[in-house]
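Next come the chains, spelled out residue by residue.
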Amino acid sequence: MDRLIDANLDRAREGLRVIEDWCRFGLGRADLVARTKDMRQRLGRCHLERYKLARHTATDGSAGLGHPAQLERRSPAQVVAANAGRVQEALRVLEEFGRASDPTLAAEAASLRYALYDLEVDLLAGSPDGDRRRHQLARCRLYLVTSPSPQLEATVAAALAAGVRLVQYRAKQADDSQRYAEASALRQLCARHGALFLVNDRVDLALAVDADGVHLGQGDLPPALARRLLGRERLIGRSTHRLEQLHQAVADGCDYVGVGPVHATPTKPGRDPVGLAYVTAAAAASPIPCFAIGGIDSTNLAAVLAAGAPAVAVVRAITAAPDPGAATRQLLGLLDGSTLAGADPGEAPR
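A short tour of the structure in this document, coming up.

Rules of the game
Residues numbered from 1 in each chain as written. Predicted model: local features only at pLDDT ≥ 70, side-chain atom pairs only at ≥ 80, totals over all residues. Heavy atoms only, no water. Core = buried A, V, L, I, M, F, W, Y, C linked by side-chain atoms within 4.5 Å. Buried < 20%, exposed > 50% of the residue type's maximum accessible area, 1.4 Å probe, protein only. Contact = heavy atoms within 4.5 Å. Pairing = 2+ DSSP bridges. Helix = DSSP H or I, 4+ residues; strand = E, 2+ residues; numbered from the N terminus. Axes fitted to C-alpha atoms, helices over the stretch in contact; angles between N-to-C directions. Parallel < 35°, antiparallel > 145°, perpendicular 65-115°, else oblique. Left-handed = near helix turned anticlockwise from the far one by under 90°. Nonpolar A, V, L, I, M, F, W, Y, C, P; charged D, E, K, R; others polar. Patch = residues over 30% accessible without salt bridge, like charges linked within 9 Å, V, L, I, M, F, W, Y side chains within 5 Å. Areas by Shrake-Rupley, 256 points an atom, 1.4 Å probe, with all protein chains shown as cover. Salt bridge = Lys/Arg side-chain N within 4 Å of Asp/Glu carboxyl O. Right-handed = clockwise from strand over helix to strand, strands pointing away. Arc of directions from axis to C-beta.

### Section: the nonpolar core
One broad trend across soluble globular proteins is that nonpolar side chains are buried collectively. Formed by 54 residues in total, the largest nonpolar core has its most connected members in Leu 142, Phe 197 and Val 312. Excluding its chain neighbours within four sequence positions, the residues that come into contact with Phe 197 are Val 167, Tyr 169, Ala 183, Leu 186, Arg 187, Cys 190, Val 209, Ala 211, Asp 212 and Gly 213. Of all hydrophobic cores here, the second largest spans 24 residues; its members include Leu 16, Cys 23, Val 33 and Met 39.

If you want it as C-alpha cells, here you go:
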C-alpha cells in the first residue's frame, strides 16, 4: 500500500511541476504559479518518509511504460491538459486508498482535486481581456478607494485626470438605487481614462455595471464563489490582516491583496492596525500585487515604501483633500520618486 501511495504522490507532484513551469515561463502568470506551487507543497507535506522508503523501481514492471498518445501532444495546451488529468487521477487514487491508512492525506487529496478543476479552467480557458486587466493591475501603484461624498464624481474625475488608474467604489450605507447610479457613473469615468474599476463587496453590482472586478473583505463572499459568478476574466481582490490570510487569498485565486490597516483609520473603526511589520512580511511573501492600506497619506508614505510596500491604496488622502488632483499628483510623485517624462503617472516605472 505504501508503494502505491508513494507512486501516486510522485505522479501528482511531477504533473503539478509541469503545470507550474508552464504558468511561470509560458504564461508569465505569477498568480497561477503561486496557486500551483501551493498545491505541490501541500502534497509534499503529505509525502511521508515511510512512503519514500517503500519505493523500489527495479521491481516495478510498469516503470518507464509509455503510450502512443504521449507523442500526440503537440501544443502547450495539450501538455497542460494531459498533466492536469494525470494529477487528478493520482489524487483520486490517493483519496480512495488513503482513507483507511492515512485520512489526512485522503482529505488533502480530495481538497486539491477540486481546486485543480478550477485551476485547469483558468489555464485552458484564459481570457485575453482578463490578461489585459491583470497586466494593467500589476503596473498600478496608487489605488483610490472612494468614500461617500456629494462631490464623488468630481473627486474621482480629478484623481483620474491626475493619473490614478485603479479605482474602487465603496459605499457601505447607500441604498441599492444610489449605489447603482454612482457605480455606473464612476464606471464610465474610469472607462474614459482607461482605468480599472472595481466594486467593494457587491458581486451583483459589479456585474450590473460591467466593472473590472470586485474587492472582498474577510467577512464577504468566498472568493471561489465570487469567481464562479464573475468568470475568469474579472479581477478579485481580498483584504488581509495577517500572512495566513494572504496565503489563503493566493490559494483561492485572488488577483491582488490589500495589506492593512497599516495605521488606525476611521474607515475601519475598531480594527487594530497591523503596522509596518506586516507590510514588510506581505511584500516579501506575496506573488500577486499587494497594496498597503490604512491611514496612508503623503506624510507617512515614505515609511510605508521603506517597509517594502510596492503599491498603496488610499481613501482620505485623496477624497478629503482640498484639491484631489493635486493630492493625487503628490502621491504619485512620491511613489515614482520623480516624475518620469512621457510615462503614465498611474503606472509603475518599467
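Read on, since the account is not over.
### Considering the sheet that holds strand S5 (residues 235-240)
Each strand in a sheet pairs with its neighbour through backbone hydrogen bonds, running either in the same direction (parallel) or in the opposite one (antiparallel). What the eight strands build is a closed barrel, ordered S1-S2-S3-S4-S5-S6-S7-S8; its pairing is parallel. Each strand axis lies, on average, 25° off the axis of its neighbour in the sheet, ignoring direction. Direction of pairing for S5 relative to strand S6 (residues 256-259): parallel, over a ladder of four bridges. Within S6, the residue paired with Gly 237 across the bridge is Tyr 256. Together, S5 and S6 form the strand contacts of helix H11 (residues 243-251), whose direction differs from that of S5 by roughly 165°.

### Examining the packing of helix H1 (residues 2-27) against helix H4 (residues 76-101)
Their axes nearest at 8 Å, the elements H1 and H4 cross at an angle of 150°. With respect to H4, the element H1 is oriented roughly antiparallel. Pair H1 / H4 crosses with left-handed handedness. Here the residues of the contact of H1 with H4 sort into 18 nonpolar, four polar and three charged.

### Some remarks on a nonpolar patch on the surface
On the surface, Met 1, Leu 4 and Phe 97 cluster together into a nonpolar patch covering about 270 Å² of accessible area. Tracing the backbone through its elements, the reader meets Leu 4 in helix H1.

### Quick word on the pairing of strand S1 (residues 142-145)
Residues Leu 142 and Leu 144 point to one face of S1 and Tyr 143 and Val 145 to the other, with burial holding for every one of them. Relative to strand S8 (residues 312-314), S1 runs parallel, the two being bridged by three bridges. For Leu 144, the partnering residue across the bridge sits in S8 and is Val 314. With two bridges joining them, S1 and strand S2 (residues 166-169) adopt parallel strand pairing. Across the sheet, residue Leu 144 finds its bridge partner in S2, namely Val 167. With respect to chirality, the unit in which S1 leads through helix H7 (residues 152-162) into the neighbouring parallel S2 is right-handed.

### Description of the packing of H1 against helix H2 (residues 30-46)
For any two helices packed against each other, the geometry comes down to the angle between their axes and how far apart the axes lie. Contact geometry for H1 and H2: axes closest at 9 Å, N-to-C directions at 160°. Judged by the angle between their axes, H1 and H2 are roughly antiparallel. When you trace H1 past H2, the crossing you get is left-handed. Counted together, Leu 9, Ala 12, Arg 13, Leu 16, Arg 17, Ile 19, Glu 20, Cys 23, Arg 24 and Leu 27 of H1 and Leu 32, Val 33, Thr 36, Lys 37, Met 39, Arg 40, Leu 43, Gly 44 and Cys 46 of H2 form the full contact between these two elements. Looking at the contact of H1 with H2, its residues break down into 11 nonpolar, two polar and six charged.

### Quick look at helix H12 (residues 275-285)
Those residues of H12 that sit buried are Tyr 278, Val 279 and Ala 282. Taken around the axis of H12, the buried residues stretch over an arc of 105°, which confines them to a single face. Across from the buried face of H12, at angles greater than 90 degrees, the exposed residues are Ala 277 and Ala 284.

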